[in-house]
Each structure stands twice: as structure tokens, then as C-alpha cells.
Amino acid sequence: MMGIIFALVASLLWGVNGIFLRKGLENEDVVSATFTVILIVTIITFIFSLGDVQRTELVSNQLNQVRTDKILMLMLAGIISYFIARVITYFSVTTIGSSRAFSGTSTRIMFSAMFGVFLLHEVFSTLIFTGTILMIFGLYIFSTEKIEKTGIYISVLSGFFYGLASLLIKAGMLESIFLSVFIASISGLVMLSIFAASKNRLRLVKNRYLAISATSLAFGNISYYFALSLAPLIIAVPISNLYPLVTTVLSYFFIQKLESVGLRTFFGSFLAVFGSILIAVGRNV
């Protein structure tokens, strides 16, 4: 039961993250805003990873017990998910809104399944096939709206990178979940900092909406990992992936002026989310 609750909390926090992110990105530089969010997330993750290490062993002892390739996988996953995919996602949020962008990023489930089928030789089931079709149809509905089509393509591209990162995280996960997440987040932050500095956009944005967005994102991630530790994947992953619907509903009630959310948006988001749930279930039955 607690695993289900943590999965629901993660989905809610990720959905709330989308609303405050949309508000925070208004009139702000995307790269600087992304740096601000990831910095806050990394700090929060660092605090939790310290507590985890103190309950087990010293960091040096833990790192000595794993192979270097696992550390490298986590670092690469962090660069992909916290730097490349996150910047791409935030650009799509500024063009098509958080409700549509987050529905596009939910394709991470689909791409993760595709990587599992082709690289890990997982079974391509009927549920995965059906879920993939539904996700594609849901995204097609978004493309028929009067929005910038590039934003849809960008959000799906970020889903591809998130899916790739999840494969690397699965392969490189250490005994300490929080330490694993911290290694990934700090790696992404370092590369993001280098990129931002090269563009003269390395600055901390003083924006309360971005601060709330980053905090909800960090605690959403933490809740998700707790859910994974307490509930089967077949339950935790589908429930946690309800966040695009949460974002769409909240967008309709709170930021209608920033992004137009209508019946078509709800339907497209529902199909994308339902498709991702079918894929998640299909991978774990």
C-alpha cells in the first residue's frame, strides 16, 4: 500500500513541477533556468544521499565495491537526462506548454521498452505494441492543434533521451539508490554548467516558481524511488506515469492564460498516458 502511495505522490509532485516550471520559464532564459533547477535538485539529492551513506558505509567504501563501468554508466545517464534531455524538455515547455510537453516526454516509457526489446532482448508483447500505437495517436492529436509542431517533436526527442538514460541507470544502479541518483545528477550539472558558461548564460535565476518546481521535482524523484523499493514495477511505474494528466488538469485550472488547454488536449494527454501504462504493464507481466 505504501508503495502505491509513494507512486501517487511522485506523479502528483511531477505534475505540480510542470505547472510551476511553466510559470518560472516565462520571460527567463531557458539554459539559465535549467541550470537553476538542476542545481537545486542536485543539492537536495546530495543531502539525501549523505543520510543514506551514513546508514550504511562511507562513500569511498561503497565506490570501491563496484566496477568503474557502473559509475561511468551513471555519469553518462546523468549527462543525458539532467543536461541534454532536460534542456530540450524546457525548450518544448516554452513553445507548446507543460501539458503537451510532459505528455511528449512520457514517451520515455515507450523508448525504454524499445531499447529493452532490441538491446536487452525483452519480449515485444501485445500490450507494448498497443500502448505504442495509443501513444503515437495521442501525440498526433496534439499535432492537429494550433501549436508549433516543432515543440511536439522536441518533447518526443527528450523522451528518447530519458528512455536511453533509464537503460543506463538500470545497468549502473548501485546498492545505494540515493548515491546513484546523486552521481547522475552531479554529472549532468557539471556538463550543464560547462555548456551554460560557454554561452555566457551560467547564472542563478532568482525565481520562486523555478525554486518550487525544482523542489517538487526532487521530492517527486525521491518518492518514485521509494515506490520502486516498496512496490512491484508493474504497479509503481504506471501509477507514477500519471503526471502528464496531473499537469494537464492543473494547467486548465491555473495557467490557462499561458497555455490553451481544451478537450483535444485532454484526450491526447489521456491516450499518451494510457499508452504508457500499457507499455509499463507489458514490460513487467
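Residues numbered from 1 in each chain as written. Predicted model: local features only at pLDDT ≥ 70, side-chain atom pairs only at ≥ 80, totals over all residues. Heavy atoms only, no water.

Chemist: Looking at this structure, how should I read empty space enclosed by the protein?
Modeler: It is a probe the size of a water molecule, rolled over the atoms, that shows where empty space is left. In the structure shown here, the tally under the stated rule is 1 cavity of 30 Å³ or more. Roughly 40 Å³ of volume is contained in the largest cavity. Lining the largest cavity are Val-41, Thr-45, Phe-178, Val-181, Ala-218, Asn-221, Ile-222 and Tyr-225. Counting residues per element, the ones that place at least two in the lining of the largest cavity are α2 (30-55), α9 (177-198) and α10 (208-230). Here the lining of the largest cavity gets 4 residues from one element, more than from any other, and that element is α10. The residue makeup of the lining of the largest cavity, split by class, is 6 nonpolar, 2 polar and no charged. (1 Å grid on protein atoms, 1.4 Å probe; cavity = no way out; pocket = protein on both sides within 12 Å on 5 of 7 lines; lining within 4 Å. Points joined across faces, edges and corners; volume = space filled by probe spheres on them. Helix = DSSP H or I, 4+ residues; strand = E, 2+ residues; numbered from the N terminus. Nonpolar A, V, L, I, M, F, W, Y, C, P; charged D, E, K, R; others polar.)

Chemist: Mind showing me how you'd approach a nonpolar patch on the surface here?
Modeler: A surface patch of nonpolar side chains, about 580 Å² in accessible area, is lined by Met-1, Met-2, Ile-5, Val-9, Phe-226 and Leu-230. Every element with two or more residues in the nonpolar patch is listed here: α1 (2-25) and α10. If one sorts the elements of the nonpolar patch by residue count, α1 sits on top with 3 residues. Position of Phe-226 among the secondary structure elements: in helix α10. (Patch = residues over 30% accessible without salt bridge, like charges linked within 9 Å, V, L, I, M, F, W, Y side chains within 5 Å. Areas by Shrake-Rupley, 256 points an atom, 1.4 Å probe, with all protein chains shown as cover. Salt bridge = Lys/Arg side-chain N within 4 Å of Asp/Glu carboxyl O.)

Chemist: Sorry if this is basic, but what is going on with the packing of α1 against α10 here?
Modeler: Packed helices, taken two at a time, are described by the angle their axes make and the gap between the axes. Across the interface, α1 lies against α10 with an axial gap of 7 Å and an inter-helix angle of 160°. By the angle between their directions, the pair α1 and α10 is classed as roughly antiparallel. Regarding α1 and α10, the two cross each other, and that crossing is left-handed. Among the residues making up the contact of α1 with α10, the classes are represented as 20 nonpolar, 8 polar and 1 charged. (Axes fitted to C-alpha atoms, helices over the stretch in contact; angles between N-to-C directions. Parallel < 35°, antiparallel > 145°, perpendicular 65-115°, else oblique. Left-handed = near helix turned anticlockwise from the far one by under 90°.)

Chemist: What's the story with the confidence of the model for the protein in this structure? I'm lost.
Modeler: Detailed reading of predicted coordinates is not advised where the pLDDT is low. Averaged over the protein, the pLDDT score is 85; the fraction of residues at 70 or greater is 92%. Across the protein, element-level confidence peaks in helix α4 (residues 68-96) with a mean pLDDT of 91 and bottoms out in helix α3 (residues 59-64) with 54. (pLDDT = per-residue confidence, 0-100.)

Chemist: Mind showing me how you'd approach the layout of surface pockets here?
Modeler: Looking at the largest pocket, its volume works out to about 1,100 Å³. Taken together, 36 residues form the lining of the largest pocket, with Arg-108, Ser-166, Ile-169, Tyr-224 and Tyr-225 sitting closest to its centre.

Chemist: Honestly, the packing of α4 against helix α5 (residues 98-105) in this entry has me stumped. Any pointers?
Modeler: Their axes nearest at 7 Å, the elements α4 and α5 cross at an angle of 140°. Taken as axis vectors, α4 and α5 run oblique relative to one another. Here α4 runs over α5; the crossing is right-handed. In contact with Thr-89, Ser-92, Val-93 and Ile-96 of α4, α5 contributes Ser-98, Arg-100, Ala-101, Phe-102 and Thr-105. Each residue belonging to the contact of α4 with α5 can be placed in one class, and the counts come to 4 nonpolar, 4 polar and 1 charged. (Contact = heavy atoms within 4.5 Å.)

Chemist: Is there a simple way to explain α5 in this structure?
Modeler: Given 3.6 residues per helical turn, the α-helix brings residues three or four places apart onto the same face. Extensive coverage of α5 is indicated by the burial of 8 of its 8 residues. If you check which residues of α5 are buried, you get Ser-98, Ser-99, Arg-100, Ala-101, Phe-102, Ser-103, Gly-104 and Thr-105. (Buried < 20%, exposed > 50% of the residue type's maximum accessible area, 1.4 Å probe, protein only.)

Chemist: Where do I start with the packing of aromatic side chains in this structure?
Modeler: Each aromatic ring pair is characterised by the separation of its centres together with the angle its planes make. Here the structure, examined in full by the defined rule, presents 17 aromatic pairs. Seen in terms of ring centroids, Trp-14 and Tyr-243 are 5.7 Å apart; in terms of plane orientation they differ by 80°. Their pairing is edge-to-face. Of the two residues, Trp-14 sits in helix α1 while Tyr-243 sits in helix α12 (residues 243-254), which places them 229 residues apart along the sequence. For Tyr-243, a relative accessible area of 6% translates into the label buried. Linked through ring pairs, Phe-6, Phe-48, Phe-178, Phe-219 and Phe-226 together constitute an aromatic cluster. (Phe/Tyr/Trp six-rings, centres within 6.5 Å; stacked < 30°, edge-to-face > 60°.)

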